[in-house]
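# A structural walkthrough
Residues per chain are reported as follows:
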Amino acid sequence: MVPNKKDVIRLLEKIALYMELKGDHPFKIQAFRKAAKVLEMDDRSLEEIDQLTELPGIGKGIAMLINEFITTGHSSILEKLQEEIPKELVYLLQIPGLGAKTIAKLHQELGIQTLDELKRACVEGRIRKIKGFGEKTERNILQGIEQFNKKTFRIPLAQMLPIAKWVEDRLSDMKGIETFFRAGSLRRLKETLKDLDFVIATNHPKYVREQILQFPNIKDRINAGDSKITCKFSFDFDVSVDFRIVSPDSYPTTLHHFTGSKDHNVRMRQIAKARKEKISEYGVENTETGDFFTFRNEKDFFAHFGLPFIPPELREDGSEIDKVEELPDLVSEGDIKGDLHMHSNWSDGVHTVSEMVEACRRRGYSYVAITDHSQFLKIANGLTKDRIRRQLELVRKLNDQYSDITILAGIELDILPDGSLDLDEDILQELDVVIASIHSAFHQSERQILKRLKTAFENPYVNIIAHPTGRIIGRRKGYSVDIEKLFQLAKETNTALEINANPKRLDLKPEYVKIGKEMGVKFVINTDAHSKESLANMEIGVKFARKAWLNKQMVLNTMDTDQLLHFFKQKKEGKSDSFT
DNA sequence: GCCGTTTTCGGCCCGACTGTTTTCAGTCG
């Protein structure tokens, strides 16, 4: 079997691991990791890449290694490393707190290779006898093994948000804090998180430190330094939380630093270095004059380097800094003129139609669509034709009461397992907006799913396909769908695709939205709210959409009411025209 | 190992915390 790109990436990363244990030069190891990363970031397959050395980070040596691997199926460099280093040691690297140097030493001194041998050596107190090791280290290794056995997985954003809020509520009540904010992958809005990070500005660091260490639910103190605290909190599951305590002067740079990503920071620091400057958590230093700069906010920090403010959710692999010129006028929450997917207590929502409308009015929307489930979803008390007509009446009446918001009568129409739609066209045509979605038979083949979606796309009354892949983050992968064909159908039929703002879903993901964006597909950002509180998820949905560098023009619900209705009307009339 | 309108040799992001040391190495983010 000819190795593919993924195999090559794995090979390079594996070699890096072995080199670490061997004690090779850190920069050499870094070079292998960088090469793996460069390959991963490149969209092309191996066959499509003419010259490997054209990629930045791949030189003669690594190119030769890759070519050997492709032609022979194995790598002499890896084989040589494997002769020197027992492969069990690579496994031990996953234990938190244990790095390559420690493992190598334990192997040298005590001949330890496996997890069991390591554990036994700790229990028998043999580790403390090695020079440079002590009792504490022994205990820490045991703890690390315990943690490793528990395998702390990344936790879905939706499960972490309430815990973040819990921490924020406590920080808000705390005395002596100037300001604080969430950082890390939470601030960047990653769909799963390893831990939570908070940056705190204060002139009384000791006082703040003491208060944090008194927080309830602390199960374990990992670090408790003057400026950095890491604690494990115990909720339904264990969550590690980092607190960074800094002076108000340094707060913006610290916030930037701990928002990351790591790659983003590395790129920023490279840029600083080229300007004879050095970025740290505390500020920017001119390495020639010794001048030290702090900033009022992150915007000023970026401006110092001639960059516009790069929103946290965009800070990923560092390329966003170099592509900043291409940064479009990103869609923002202020651009959103309405929410086109929500449920009332007519189906499985908790609030009445008028409560939902009132909540949307307070959000300043120009329009709102009430889209309860259709009859197929019995468990959600889906609406029959009769109930739809009754709700329609209610919506029309309610509409007469308001001059500042347009209430659209809608439905979330189920696409049935057999590929038909849950309601006939005679009722659909009476509605203002129809959202179609799949809630059943997820196991079907990609072809069957596509056939179902196609029926919906081609129906003249279906305006939007909701949560197009059906995933629930960390719980359900979703049905198998051919993304390119999905976008093609959306484009051809003038149907918008939903970016679902529910943090459990966040469906579609940015990688997909990027593809659709190139194809000229229209998106709509909806909360799918089942209560008025969840309407606030719009903020999350918009930020998530921004990860795909989506601009206002690509998002349906940034249009004003007339434009929106015009867009819907065009599909009904069979015209395919884009809006502007 | 890779790279170069400051360099083909000498850099490659930067700092906190811990545990073990008597000034620092290892790990982490």
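What you see is a predicted model; the values in this text were computed from it and never measured. The numbering scheme is per chain: residues are counted from 1 as the chain's sequence reads. All chains are assigned letters beginning at A, and all ligands numbers beginning at 1, according to the order in which they are written. Local features in this predicted model are restricted to residues of pLDDT 70 or higher, and side-chain atom pairs are both shown and tallied only at a pLDDT of 80 or more, whereas totals for entire chains, interfaces and linings draw on every residue. Computation of side-chain values covers all heavy atoms of the structure but excludes hydrogens and water.

With that out of the way, let us pick up helix 6 (residues 100–110). Only protein chains enter the accessibility calculation, which uses a 1.4 Å probe. A residue is then buried if its area is under 20% of the maximum for its type, exposed if over 50%, and partly exposed in between. Helix and strand labels come from DSSP, where a helix needs a run of H or I of at least four residues and a strand needs a run of E of at least two; each type is numbered from the N terminus. Within the sequence span of helix 6, burial applies to Ala 100, Ile 103, Ala 104 and Leu 106. Along helix 6, the residues classed as buried sweep out an arc of 160° about the axis, all on the same side. Along helix 6, the residues that are exposed and aim more than 90 degrees away from the buried face are Lys 101 and Gln 108. Here the buried face of helix 6 lies against helix 1 (5–22), helix 5 (87–92), helix 7 (115–123) and helix 8 (135–150). In the stretch just after helix 6, Gly 111 is the one whose phi turns positive, near 70°. In this description, the arc belongs to the directions extending from the helix axis to the C-beta atoms. Contact definition: two residues touch when any of their heavy atoms are within 4.5 Å.

Another aspect to go through is the environment of Val 167. Among the secondary structure elements, Val 167 is positioned in helix 9 (residues 157–173). On the basis of relative accessibility, which here comes to 0%, the residue Val 167 falls in the buried class. Val 167 sits 75 residues away from Asp 242 along the chain, and the two C-alpha atoms are 11 Å apart. Excluding anything up to four places from it in sequence, Val 167 contacts Phe 198 and Phe 243.

With that out of the way, let us pick up the UniProt feature "domain: Polymerase/histidinol phosphatase N-terminal" (unreviewed entry) in chain A. UniProt positions are given in the numbering used here, feature names are shortened, and annotations may be inferred rather than shown by experiment. Under the local residue numbering, the UniProt record ascribes the feature "domain: Polymerase/histidinol phosphatase N-terminal" (unreviewed entry) to residues 338–417. Here residues 338–417 is 34% helix and 22% strand, with 31 Å between the C-alpha atoms at its ends.

Pairing of aromatic rings covers Phe, Tyr and the six-membered ring of Trp, with a centre-to-centre limit of 6.5 Å; geometry is then stacked below 30 degrees between planes, edge-to-face above 60, and tilted otherwise. Here the structure, examined in full by the defined rule, presents 16 aromatic pairs. Taking 6.3 Å as the distance between ring centres and 15° as the angle between the ring planes, the aromatic pair formed by Phe 233 and Phe 235 counts as stacked. When the ring of Phe 302 is compared with that of Phe 309, the centres are 5.9 Å apart and the planes differ by 85°; the resulting orientation is edge-to-face. The class of Phe 302 is buried, set by a relative accessible area of 0%. Taking relative accessible area as the criterion, Phe 309 reaches 33% and is therefore assigned partly exposed. Put simply, the rings of Trp 166, Phe 198, Phe 215, Phe 233, Phe 235 and Phe 243 pair up and form one aromatic cluster.

In this section: the pattern of salt bridges. A side chain with one charge may pair with a side chain of the opposite charge, provided their charged atoms come close. A side-chain nitrogen of Lys or Arg and a carboxyl oxygen of Asp or Glu constitute a salt bridge if their distance falls within 4 Å. As enumerated under the stated definition, the model contains 38 salt bridges in all. One salt bridge in this structure joins Lys 22 and Glu 84, with 4.0 Å as the shortest N-O distance. Of this pair, Lys 22 sits in helix 1 while Glu 84 sits in helix 4 (residues 76–84), and the two are 62 residues apart along the sequence. By relative accessible area, Lys 22 is classed as partly exposed at 39%. Residue classification places Glu 84 among the partly exposed residues on the basis of a relative accessible area of 38%. In this structure, the salt-bridge partner of Arg 44 is Asp 42, at a minimum N-O distance of 2.9 Å. Judged by its relative accessible area of 15%, Asp 42 is buried.

A strand pair is defined by DSSP finding two or more bridges across the two strands. Reading across from one edge, 8-9-10 is the order of the three strands in this open sheet, with antiparallel pairing throughout. Two strands in the sheet have a free side with no partner beyond their single neighbour: strand 8 (277–280) and strand 10 (292–293). Direction of pairing for strand 9 (residues 283–286) relative to strand 10: antiparallel, over a ladder of two bridges. Each residue of the ladder has a partner; that of Glu 285, found in strand 10, is Phe 292.

All right, on to the pairing of strand 12 (residues 367–373) then. Buried residues dominate strand 12, accounting for seven of its seven residues. With two bridges joining them, strand 11 (residues 338–339) and strand 12 adopt parallel strand pairing. Of the residues in strand 12, the one forming a bridge with Asp 339 is Val 368. Once the chain exits strand 11 it traverses helix 16 (residues 353–362) before rejoining the sheet at strand 12, and the crossover so formed is right-handed. With seven bridges connecting them, strand 12 and strand 13 (residues 406–414) associate as parallel partners. Each residue of the ladder has a partner; that of Ala 369, found in strand 13, is Leu 408. Once you follow strand 12 into helix 17 (residues 385–401) and on to strand 13, the crossover reads as right-handed. For crossovers, right-handed means that the path from the first strand over the helix to the second runs clockwise, given strands pointing away from the viewer.

Ordered in space as 2-4-7-6-5, the five strands form an open sheet in which the pairing is mixed. The sheet is open, and its two borders are formed by strand 2 (177–183) and strand 5 (218–224), each paired with just one other strand. Each neighbouring strand pair of the sheet contributes to a mean axis angle of 20°, computed without reference to strand direction. In terms of strand pairing, strand 6 (residues 228–234) meets strand 7 (residues 238–246) through seven bridges, oriented antiparallel. Throughout, an axis means a line fitted to C-alpha atoms (over the contacting stretch in the case of helices), and angles, computed between N-to-C directions, take values from 0 to 180 degrees.

Note the cis peptide between Gly 260 and Ser 261, where omega equals -5°. Structurally, Ser 261 is set in the loop between helix 12 (251–259) and helix 13 (262–274). Omega for the peptide link from Asp 507 to Leu 508 comes to 15°, which places this bond in the cis form. Along the polypeptide, Leu 508 turns up in the loop between strand 16 (496–500) and helix 21 (510–518). Not every positive phi belongs to a glycine, and Asn 217 is a case in point at roughly 70°. Its place among the elements puts Asn 217 in the loop between helix 11 (205–213) and strand 5. Judged by its relative accessible area of 35%, Asn 217 is partly exposed. A positive phi angle, near 55°, is found at Asn 381, a position not held by glycine.

A word on the side chain of His 467. With respect to the element layout, His 467 can be found in the loop between strand 15 (464–465) and helix 20 (483–493). On the basis of relative accessibility, which here comes to 1%, the residue His 467 falls in the buried class.

Within strand 13, eight of the nine residues are buried, which leaves the element mostly enclosed by the surrounding structure. Bridging between strand 13 and strand 14 (residues 433–437) involves five bridges; their strand directions are parallel. Residue pairing in the sheet places Glu 412 in a bridge with Ile 435 of strand 14.

All right, on to the packing of helix 2 (residues 26–41) against helix 3 (residues 60–72) then. Between helix 2 and helix 3, the least distance of the axes is 11 Å, while the angle of their chain directions is 65°. Like other packed secondary-structure pairs, helix 2 and helix 3 cross with a definite hand, here right-handed. Packed against helix 2, whose contacting residues are Ala 31, Phe 32, Ala 35 and Leu 39, the element helix 3 presents Ile 62, Leu 65 and Ile 66 at the interface. Left-handed describes a crossing whose near helix is turned anticlockwise from the far helix through less than a right angle; right-handed describes the clockwise counterpart.

By definition here, a helix of n residues has an expected span of 1.5 Å times n minus one. With 13 residues, helix 13 extends 19 Å from end C-alpha to end C-alpha; this agrees with the ideal 18 Å at 1.5 Å per step. If you check which residues of helix 13 are buried, you get His 264, Asn 265, Met 268, Ile 271 and Ala 272. When helix 13 is viewed along its axis, its buried side chains cluster within an angular range of 125° and face the same direction. Exposed and facing more than 90 degrees away from the buried side of helix 13 are Lys 262, Lys 273 and Ala 274. Against the buried residues of helix 13 lie helix 12, strand 8, helix 14 (298–304) and helix 15 (319–322). Positive phi shows up at Lys 276, right after helix 13, with a value of about 60°.

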